[in-house]
Amino acid sequence: MGVIHVTDRQGQRHTLECVEGWRVMEIIRDWGLPIEGVCGGACECATCHVFIAKDWVEKLDPATDEEEDQLDTVITHPTSRLSCQIIWTPDLDGLELTLAPANG
Ligand code: FES
């Protein structure tokens, strides 16, 4: 068991317990935070857009071309990722991220 830390759009930080093998988008949604995940993790909507804390960027597997293409459809930040493309493992215990604005 481990956790991720998610800052919501009001600036409030939430510590969420994780399940290995779940998509980070699913963990955030399961805890009731406002992330849409419209396509269910198929990399087709970008409504699971998050900003990864700088210290964590290098610890994640790089984005696939598919993810990069989908990120091109929204206003990104240097540490933007699609949270449905990040599968949580114990290596990501303590992962820190912020929800992107709902319209991007
Ligand atoms: S949930 Fe649709 S791209 Fe992540």
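Here's what I pulled together on the structure shown here. (Residues numbered from 1 in each chain as written. Predicted model: local features only at pLDDT ≥ 70, side-chain atom pairs only at ≥ 80, totals over all residues.)

Let us look at the sheet that holds strand 4 (residues 80-82). Taken together, the 5 strands give an open sheet; going across it, the order is 2-1-5-3-4, and neighbouring strands pair in mixed fashion. The outermost strands of the open sheet, each flanked by one partner alone, are strand 2 (13-17) and strand 4. Between one strand axis and the next, the sheet turns through 35 degrees on average, direction left out of account. The pairing of strand 1 (residues 3-7) with strand 2 spans 5 bridges and is antiparallel. (Pairing = 2+ DSSP bridges. Helix = DSSP H or I, 4+ residues; strand = E, 2+ residues; numbered from the N terminus. Axes fitted to C-alpha atoms, helices over the stretch in contact; angles between N-to-C directions.)

To continue, consider the pairing of strand 3 (residues 49-52). Where strand 3 meets strand 4, 3 bridges bridge the pair, whose relative direction is antiparallel. In the sheet register, His 49 faces strand 4, and the bridge partner there is Leu 82. Note that strand 3 and strand 5 (residues 95-99) share 3 bridges and pair antiparallel. Pairing of Val 50 across the sheet is with Leu 99, part of strand 5.

Within the fold, Thr 79 resides in the loop between helix 3 (65-71) and strand 4. Here the alpha-carbon distance between Thr 79 and Cys 48, two residues 31 residues apart in the chain, equals 14 Å. Once residues lying within four places of it in the same chain are set aside, the contact partners of Thr 79 are Phe 51, Ile 52, Lys 54 and Val 57. (Contact = placed C-beta atoms within 7 Å.)

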